[in-house]
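Below are the chains, spelled out letter by letter.
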Amino acid sequence: MATMIVNGREIEINGEKNILEVIRKAGIDLPTFCYHSELSVYGACRMCMVEDDKGRLYAACVQPPAAGMKIYTNTERLLHHRRMILELILSNHNRDCTTCEKNGSCRLQELALRLGIRDVRFTQKKTAGSVDVGPALVHDQSKCILCGDCVRMCDEIQGVGVLGFAYRGSQMTVVPAFGKKMSEVACVNCGQCAAVCPTGALTVKSDVDRVWTALHDKSKKVVVQVAPAVRVAFSEAFDQEPGTIGTGQLVAALRRIGFDRVYDTCFTADLTVQEEYHEFAERLRTDGHLPLFTSCCPAWVKFAEQFYPEYLDNISTCRSPQGMFGAIAKAYLPKELDVAREDLYVVSIMPCTAKKFEAQRHELGQNGVLDVDAVLTTQEIAQMVREANLNFDKLPAEAFDLPFGMATGAGMIFGVTGGVAEAVLRTAARAVDGKTPPVEFKAVRGLESLKEAAIKLGDQEIKVAVVHGLSQAKALIEAIKKGECSYHLVEVMACPGGCVGGGGQPLPNNAEHRELRAQGLYNIDQQRELRCSDDNPMIERLYRQYLGQPGSEKAEELLHTTYASRRRISGEEVAVEPAKDAKTKIRVCVGTSCYLKGAYDVLKSFQESIKECACSEEFDLGATFCLEHCNGGPNVQINDEYFGEMTPSKARELVQKLAVERD
Amino acid sequence: MANAELSCGRRFLSVNEILERHQHRPERLVAVLQEVQEVYRYLPEEVLQYVATGMGLSPAKVFGVATFYENFSLEPKGKFVIRCCDGTACHVHSSEAILTAIRERLGLAEGQTTTPDLMFTLETVACLGACALAPVVTINGEVYGEATPDEIVAIIDQLAGGKEHGEN
């Protein structure tokens, strides 16, 4: 076995990719900002500098280990450099630590403390500037230290790439394209950028104050739902081990904070299983759109609306468990709690930042009133517990309120990658003979980025794929498109590890924590007596009393939704043949979906035929980026009318016809 | 620069020709942007979005490259781009006086580089590599060596007059 010497001690090299990993294995926690094992190596922050026996300096994260290497990590020179580097970073950072969202969980703050920085000798270069508050995330460039973690996360793991480095040298910043706001670009609000950001540059938008206001409003009844992945991460905010099951304490804390009823999102996860299985079985039976993609993850849904509009019919129409809870709560709780519908305030506690965006979708509401009024992340509810001065250690374990507080193990595992697929498969297995005891489907478990399983149900073999991380979803869809693989059911979760690794979970939110939280959820599932959604008596009662059957008209109205293609980035049109005061305005869509289907040739044909006709000044021709009608592209808008599946010859005919009409 | 007066339609076709010529290959982005800038005299946001779409790149990446290089401009430039060298050799040969004279003639305020009528853009350059001719000014690539303030102002008058003449 090859070895190297770290600070005079011999350490084995076991296939580590860089000496940083070897050094950390030796129990030396070399500081880093820009190193994350799941992202590409960037080598920018220079915090992990080490020295060899010949006095050469290396950034440990980019240096591969070699047998016999002699490395020192704490020489006089290194201590001097490390402090200097950190001071330089600090001079380029808005240090309003006491009022910063990241106060207490900031990596920069932690390292300044660890390295004993008591004075920054350089002048302050960055002060508070404009802050971009999006639907789920807050971007404050004055706190950015240019480590690029968010850029690589968004591009490499999520395949979205909305953040990039722009400008150069001392002017360099991390911004969305053209300096636009996060709400104007393709950001799916997954919050993974905030999960890796070592400073307060990217943080979760806080809705804590809105919820306090509702809680203090005497005319309101405030009910709360708690998502599965929250219960295995909440306690981390109070120094417990990741994966510790904190359901009881969380429920007790929520009651003490003042919520009138505390319910469980796992209940509507069980409901989702019923509806989704019904939809899946129908599609199998009728040869409907397959594979069926799951719809629980709002970041994935927005991603698909922007990047894969041609697959929107494949996404389950089931609302997410959060959405189902909101609809059911607003429909049935007013009577149950004796409160007017407009005075019922529904709060969600989610591991997820994208749920904040989802709750604002107008489809998830009635007559302009949204079903879910506020979404808090795990981080935010921990903050409320602190603000309420509750002592976590003294909180008793309490149980959820009925009827929406009862859930099976199938509902619990929704919070981990593979869980939704497994929950649906349990119900599917039951449907085959009506009595199969709940089975564990180990093939869809684990943290590999793509899991596949072929499961025999009766005389049919069901092919399932499970992916997490949107770049994995992208790769899978491209493979499906090329015909390299085919499935009946595909589960997609945007965040690594599924919801346990959601962007709103307590920090650190790394691979180790995600794995322990996932284990926590499987432990809860295993301890449950009821592990198949079909066995939930409250679900059975809900159908009996209100909804009828899965897929009934009432269920369709409350529990299902629609999707629509969505443009990726805001912006102006390209003028092609502009004409002021023209009677006919023609806009050809050149967004990616239409572009790939030949929009350019259509545009050219319009241009030529307009030039040829006698009244060319009557036409104003332009190219636009996405008319949000992606499916039947290439699309054209003529004044207020839309034309799909346009071809160059159809374009010519249209212009000739319009020219005659104008005469 | 010679293509400055192309119609909107022609310019848009040119962008497509450029993308075709570079086979939509991402590694040709800088070359594509250079050629697109030749056509539009700057890089309009909507055209950059179109380039990103055509090359299968994220708009953020294209924006990053376009803002990295000093030579790319995201602001509209004038029909005539005047580059006044202010490198060491030119500076000691009083390039400052030329700059001041041009600014005054064009009525450019501090920090303003392009005239409102989009006729002239004034840029300073650190060195044009023609130090023997100092002070040096270029106008749309044409080099004027051992320039004087009066001489350059006279050329500007002539170019501006050409515009008025052309409009009549």
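Residues numbered from 1 in each chain as written. Chains lettered and ligands numbered in written order. Predicted model: local features only at pLDDT ≥ 70, side-chain atom pairs only at ≥ 80, totals over all residues.

**A look at the overall build of chain B**
Okay, so step 1: Looking only at helices and strands, chain B has 7 helices and 4 strands in total.
Okay, so step 2: Along chain B, from the amino end to the carboxyl end, the secondary structure elements read α-α-α-α-β-α-α-β-β-β-α.
Okay, so step 3: Projecting the C-alpha coordinates of chain B onto the three principal axes gives extents of approximately 50 × 40 × 25 Å.
Okay, so step 4: The burial tally for chain B puts 33% of its 168 residues in the buried class.
Okay, so step 5: Contacts in chain B between residues at least 24 apart in sequence constitute 64% of all its contacts with a sequence separation of at least 6. (Helix = DSSP H or I, 4+ residues; strand = E, 2+ residues; numbered from the N terminus. Buried ≥ 20, exposed ≤ 12 C-beta atoms within 10 Å, placed from the backbone. Contact = placed C-beta atoms within 7 Å.)

**Comments concerning the overall build of chain A**
Okay, so step 1: Each helix and strand in chain A was counted, giving 21 helices and 25 strands.
Okay, so step 2: Relative to its length of 663 residues, chain A is compact, with a C-alpha radius of gyration of 27 Å against a globular reference of 26 Å.
Okay, so step 3: The buried share of chain A, reckoned over its 663 residues, is 50%.
Okay, so step 4: Taking all contacts inside chain A whose residues are at least 6 apart in sequence as the whole, residues at least 24 apart take part in 73%. (Rg over C-alpha atoms; globule rule 2.2 N^0.38 Å.)

**Thoughts on the domain arrangement of chain A**
Okay, so step 1: One can read the domain layout of chain A as domain 1 (3-74), domain 2 (88-205), domain 3 (209-388 + 406-559) and domain 4 (574-662).
Okay, so step 2: The gap between the C-alpha centroids of domain 1 of chain A and domain 4 of chain A is 59 Å. (Domains from an automatic or database assignment.)

**Notes on the sheet that holds strand β13 (residues 292-293) of chain A**
All names here are of chain A.
Okay, so step 1: Strand order in the open sheet made by the 4 strands is β13-β20-β19-β18, with mixed pairing throughout. Both edges of this open sheet fall to β13 and β18 (450-457), since each of them pairs with a single strand only.
Okay, so step 2: Here 2 bridges tie β13 to strand β20 (residues 489-493), and the two strands are oriented parallel to one another. If you follow Phe 293 over to β20, its bridge partner there is Val 490. (Pairing = 2+ DSSP bridges.)

**Things to note about helix α12 (residues 378-387) of chain A**
Given 3.6 residues per turn, any residue in an α-helix points the same way as the ones three and four places further on.
Residue and element names in this part refer to chain A.
Okay, so step 1: Taking burial as the measure, the 10 residues of α12 include 7 buried ones, the bulk of the element.
Okay, so step 2: Taken residue by residue, α12 has Thr 378, Gln 379, Glu 380, Ile 381, Ala 382, Met 384 and Val 385 as its buried positions.
Okay, so step 3: Turning to α12, the residues buried within the fold contact β10 (202-204), α6 (208-216), α7 (247-257), β14 (344-350) and β17 (374-377).

**Comments concerning the nonpolar core**
Okay, so step 1: In this structure, Trp300(A) and Val590(A) are the most contacted members of the largest nonpolar core, which totals 218 residues.
Okay, so step 2: Beyond its immediate sequence surroundings of up to four residues, Val590(A) is in contact with Tyr595(A), Ala599(A), Tyr600(A), Leu603(A), Ala623(A), Phe625(A), Tyr50(B) and Thr53(B).
Okay, so step 3: Core analysis: the second largest hydrophobic core is formed by 18 residues, Leu122(B), Leu128(B), Ala147(B) and Ile156(B) among them. (Core = buried A, V, L, I, M, F, W, Y, C linked by C-beta atoms within 7 Å.)

**Observations regarding the environment of Ala423(A)**
Residue and element names in this part refer to chain A.
Okay, so step 1: Mapped onto the elements, Ala 423 comes out in helix α14 (residues 419-433).
Okay, so step 2: For Ala 423, a count of 31 C-beta atoms within 10 Å corresponds to the buried category.
Okay, so step 3: C-alpha separation for the pair Ala 423 and Ser 533, spaced 110 residues apart in sequence, amounts to 7.3 Å.
Okay, so step 4: Once residues lying within four places of it in the same chain are set aside, the contact partners of Ala 423 are Val 273, Ala 410, Gly 411, Ile 413, Phe 414 and Ser 533.

**Here's the deal with the interface of chain B and chain A**
Okay, so step 1: Taken together, the contacts link 19 residues of chain B with 28 residues of chain A.
Okay, so step 2: Along the lines of polarity and charge, the residues of the side of chain B that touches chain A split into 8 nonpolar, 8 polar and 3 charged. (Nonpolar A, V, L, I, M, F, W, Y, C, P; charged D, E, K, R; others polar.)

**Here's the deal with the sheet that holds strand β5 (residues 70-72) of chain A**
All names here are of chain A.
Okay, so step 1: Here 5 strands make up an open sheet; going across it, the order is β2-β1-β5-β3-β4 and the pairing mixed. The outermost strands of the open sheet, each flanked by one partner alone, are β2 (9-12) and β4 (57-59). Between one strand axis and the next, the sheet turns by 40 degrees as a mean value, whatever way the strands run. (Axes fitted to C-alpha atoms, helices over the stretch in contact; angles between N-to-C directions.)

**Focus: the environment of Phe120(B)**
Residues and elements named next belong to chain B.
Okay, so step 1: Relative to the assigned elements, Phe 120 resides in strand β2 (residues 120-125).
Okay, so step 2: Given 24 C-beta atoms within a 10 Å radius, Phe 120 is considered buried.
Okay, so step 3: Taking the C-alpha atoms as reference points, Phe 120 and Lys 79, 41 residues apart in sequence, are found 5.8 Å from one another.
Okay, so step 4: Discounting chain neighbours no more than four positions away, the residues touching Phe 120 are Gly 78, Phe 80, Ile 82, Leu 106, Thr 115 and Ile 156.

**Brief notes about helix α3 (residues 45-55) of chain B**
Okay, so step 1: For α3(B), the tally of buried residues reaches 8 of 11 residues, placing the bulk of the element in the interior.
Okay, so step 2: Contacts made by the buried residues of α3(B) are with β21 (574-577) and α19 (592-596) of chain A together with α1 (8-21), α2 (29-40) and α4 (59-68) of chain B.
Okay, so step 3: Two residues or fewer past α3(B), Gly56(B) is found with a positive phi of approximately 70 degrees.

**Here's the deal with unusual backbone geometry**
All names here are of chain A.
Okay, so step 1: Look at the link from Leu 507 to Pro 508: it is a cis peptide, with omega at 0 degrees.
Okay, so step 2: Along the polypeptide, Pro 508 turns up in the loop between β20 and α16 (511-527).
Okay, so step 3: Of the consecutive residues Gly 633 and Pro 634, the connecting peptide bond is found in the cis state with omega at -5 degrees.
Okay, so step 4: Here the phi dihedral of Phe 178 falls at roughly 60 degrees; this positive angle occurs in a residue that is not glycine.
Okay, so step 5: Mapped onto the secondary structure, Phe 178 falls in the loop between β9 (173-176) and α5 (192-196).
Okay, so step 6: By the C-beta count within 10 Å, which is 22 here, Phe 178 ends up buried.

**A word on the domain arrangement of chain B**
Okay, so step 1: Domains assigned within chain B are domain 1 (8-68) and domain 2 (80-167).
Okay, so step 2: A C-alpha centroid distance of 29 Å is found between domain 1 of chain B and domain 2 of chain B.

**Focus: the packing of α2(B) against α3(B)**
Residue and element names in this part refer to chain B.
Okay, so step 1: For the pair α2 and α3, the least separation of the axes is 12 Å and the interaxial angle reads 145 degrees. α3 is crossed by α2, and the crossing has right-handed handedness. Contacts from Leu 29, Val 32, Val 36 and Tyr 40 of α2 reach α3 at Val 47, Val 51 and Met 55.
Okay, so step 2: Broken down by class, the residue content of the contact of α2 with α3 amounts to 7 nonpolar, no polar and no charged. (Left-handed = near helix turned anticlockwise from the far one by under 90°.)

**What about the packing of α1(B) against α2(B)?**
All names here are of chain B.
Okay, so step 1: Two elements in contact, α1 and α2, have axes separated by 10 Å at closest approach and are oriented at 165 degrees. Our classification of the angle between α1 and α2 gives roughly antiparallel. Like other packed secondary-structure pairs, α1 and α2 cross with a definite hand, here right-handed. For the pair α1 and α2, contact is made by Arg 11, Ser 14, Val 15, Ile 18 and Leu 19 and by Val 32, Glu 35, Val 36, Val 39 and Tyr 40, respectively.
Okay, so step 2: Its residues assigned to classes, the contact of α1 with α2 shows 7 nonpolar, 1 polar and 2 charged. (Parallel < 35°, antiparallel > 145°, perpendicular 65-115°, else oblique.)

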